[in-house]
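# Chains, contacts and geometry: an overview
The primary structure of each chain is shown beneath.
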Amino acid sequence: MTIATAEMSGAPPAANPVIHPHWVRITHWINVIAILVMVGSGWQIYNASPLFPFMFPPAVTLGGWLAGALRWHFAAMWLLVVNGVIYVTLGFATGRFRRKLWPIRPGDVIADAGAALQLKLSYADLSVYNAVQKAAYAGVLLAGAVVVLSGLALWKPVQLQWLAALCGGYDGARYVHFFAMAAIGGFAAIHVAMAFIVPKSLRAMITGR
Ligand code: HEM
């Protein structure tokens, strides 16, 4: 039986239980700001030396020019990493990841994705993530780790040669960094749409309940 109580409080289920404790909400919204700055400035940096035959429209970039964008990127990187380390540490330490994101069974992900496409997936109990949510949240955490590690390889390719080598060299790290960004962007597009399709989930991520 799933008991929708506050984080490990041991208290009996409340009428209006806490779904997202303070630390989840605070780190989540700081992460949104950090990601927006990282992506906007990253697109401006990309435009200085595009990997593909397209550029990002200046209206969606941040920094104005290469040096300006690099300063935004390096400033927001600390926010992203410190905030991310706090979230991941607390996610493991409080048991939230184990309770909310585990286990992820491929069969369940396929079944829930099918149900969602037929509009048959229930969002009645916000305290339990469906298999698609579990896979998406675990996946975006992985993409976040890859984007940070490949970014570190690009930032310090001499000192962190082994990391750059792991990405297939400096140029390889640029592609890894780009595709990890694209995965996070793809996740965010669907994730934000879902938050507005199920507004009570957005309310819970703001008020906690
Ligand atoms: C304006 C943008 C965003 C909005 C409105 C938003 C909204 C939400 C909402 C409503 C939930 C709760 C989902 C539920 O209970 O079913 C949630 C959870 C989550 N979001 Fe976002 N989100 C945004 C951006 C992002 C971004 C950019 C990322 C990562 C790159 C992200 C990662 C996550 C994760 C990992 C969770 C699960 C947190 C946990 O339970 O520990 N979100 N978000």
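Description of the structure in this document. None of these values were measured; they are calculated from a predicted model.

Our next topic: the overall build of the protein chain. A count of helices and strands for the protein chain gives eight helices and zero strands. In sequence order, the secondary structure elements of the protein chain are arranged as α-α-α-α-α-α-α-α. For the protein chain, with 209 residues in total, the buried portion stands at 31%. For the protein chain, long-range pairs separated by at least 24 residues make up 65% of all intrachain contacts whose partners lie at least 6 apart in sequence.

Moving on: the site of the ligand. Contacts to the ligand come from 20 residues, most closely from His 28, Tyr 87, Arg 96, Tyr 129 and His 191. One nitrogen or oxygen atom from the side chain of His 20 is found 3.4 Å from an oxygen atom belonging to the ligand. Here Tyr 129 contributes a side-chain N or O atom positioned 2.4 Å from an oxygen atom of the ligand. Sorting the residues of the shell around the ligand by element identifies helix H1 (22-48), helix H5 (131-155), helix H7 (169-197) and helix H8 (199-207) as the ones contributing at least two each. Residue composition of the shell around the ligand, grouped by class: 13 nonpolar, six polar and one charged.

Quick notes on the rules
Residues numbered from 1 in each chain as written. Predicted model: local features only at pLDDT ≥ 70, side-chain atom pairs only at ≥ 80, totals over all residues. Heavy atoms only, no water. Helix = DSSP H or I, 4+ residues; strand = E, 2+ residues; numbered from the N terminus. Buried < 20%, exposed > 50% of the residue type's maximum accessible area, 1.4 Å probe, protein only. Contact = heavy atoms within 4.5 Å. Near = heavy atom within 4 Å. Polar contact = N/O pair within 3.5 Å; in protein donor to acceptor, adjacent residues only side chain to side chain. Nonpolar A, V, L, I, M, F, W, Y, C, P; charged D, E, K, R; others polar.

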